[in-house]
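Given next are the chains, with one letter for each unit.
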Amino acid sequence: GAATGGSAGAGGYPERNITFVVPFSAGGPTDTVTRMIAEPMAAELGAKVVVQNAEGAGGTVGAGEVARADPDGYTVLMHHIGMSTAPALYKDLGYKPLENFEMVGLVTEVPMTIVARKDFEPKTLQDLVTYVKANAGKVTLANAGIGAASHLCGLLFQTAAGVKLQEVPYEGTGPALTDLVGGQVDFMCDQTTNTSGQISAGEVKAYAVTTPERVRSLPDLPTTTEAGLPQLQVSVWHGLYVPKGTPQEVVQKLSEALKVALADKGVVDQMAKLGTAPVPAGDATPQALRAKLEEQLATWAKVIADAGVKAS
Ligand code: MLT
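Residues numbered from 1 in each chain as written. Predicted model: local features only at pLDDT ≥ 70, side-chain atom pairs only at ≥ 80, totals over all residues. Heavy atoms only, no water.

The name given to the protein in an unreviewed UniProt entry is Tripartite tricarboxylate transporter substrate-binding protein, with the source organism recorded as Streptosporangium vulgare. Within the UniProt record for the protein, the comment given under Sequence similarities (unreviewed entry) is "Belongs to the UPF0065 (bug) family." (UniProt positions renumbered as here; feature names shortened; annotations may be inferred.)

## Some remarks on the packing of helix 2 (residues 29-45) against helix 9 (residues 248-262)
Geometry of a packed helix pair, given as the angle between the helix axes and the separation of the axes. Their axes nearest at 8 Å, the elements helix 2 and helix 9 cross at an angle of 125°. Here helix 9 runs oblique to helix 2, going by the angle between their axes. Helix 2 and helix 9 meet at a crossing whose hand is right-handed. Here Ile-37, Pro-40, Met-41, Glu-44 and Leu-45 of helix 2 lie close against helix 9, whose contacting residues are Lys-253, Leu-254, Ala-257, Leu-258, Val-260, Ala-261 and Leu-262. (Axes fitted to C-alpha atoms, helices over the stretch in contact; angles between N-to-C directions. Helix = DSSP H or I, 4+ residues; strand = E, 2+ residues; numbered from the N terminus. Parallel < 35°, antiparallel > 145°, perpendicular 65-115°, else oblique. Left-handed = near helix turned anticlockwise from the far one by under 90°. Contact = heavy atoms within 4.5 Å.)

## Section: unusual backbone geometry
Outside of glycine, negative phi angles account for most residues, and trans bonds account for most peptide bonds. The omega torsion across Tyr-13 and Pro-14 is -5°, close enough to zero to call that bond cis. Here Pro-14 lies in the loop between helix 1 (8-11) and strand 1 (18-22). With phi around 50°, Ala-57 is a residue other than glycine that occupies positive phi space. Mapped onto the elements, Ala-57 comes out in the loop between strand 2 (49-53) and helix 3 (60-67).

And the structure:
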């Protein structure tokens, strides 16, 4: 018969299931965003998308696995700000963010909330700063491992408060939030995509949101600026990556499918309920993600060095 059009590899892509790797526990904010876009991306690509959690070491285990996966478009990494912090925090990281991956596109940017177990004594953010200063040896601060968004926000908080706290690492802020609701840990900094439900249900105490403006879906939650800690500003950008060497036509197909997913009404509505929104279509592109990653690698290297934190 006549030769088929296009190159067999990329032209026929996708021909089987695509795995989206989430480098944190199921049920956390990264997992939540991934599962939101997996369905509409799968529909657009005409393939099944399987979400797989590969936890550990602040997201670097999962990122390393994808860096070493076959560059065929069937293994995709969903990661966030942690992609830009790991090189300054891990000595032998095993991958270089700008060299071992092809960029697919930015996905969303998520505000963070400072939340505590509901019977924790401090009532306001200022009370929290005063309390942790007086009880530094006793207070526990949860995060999802060194380099995770929650770890970075915790670092910014400790620097702003001038205190060093006991950090309790989890494999994701999904399980961390469960312990916070259970009163096993005192407080943490986590994304609205994870904490909104528990805040609205009154299952945790919320002090502030770490963005310049209030979050529409959490109208009563003051910003850190309103609450007297203006230097505590951070929001968690997310991006999709595939291993270096993945054919450009495949990267483009994934980027186009990402744009369709981010325009999906269900995705927009669900993100709005959880305090966030898709990036503009022009940012769901390889160029936009690369520019963001380059800028953030430099920014966080400085923040981490200024905080006196060494790579280990
Ligand atoms: C998660 O998905 O568990 C969080 O994004 C982890 C973190 O970065 O704090």
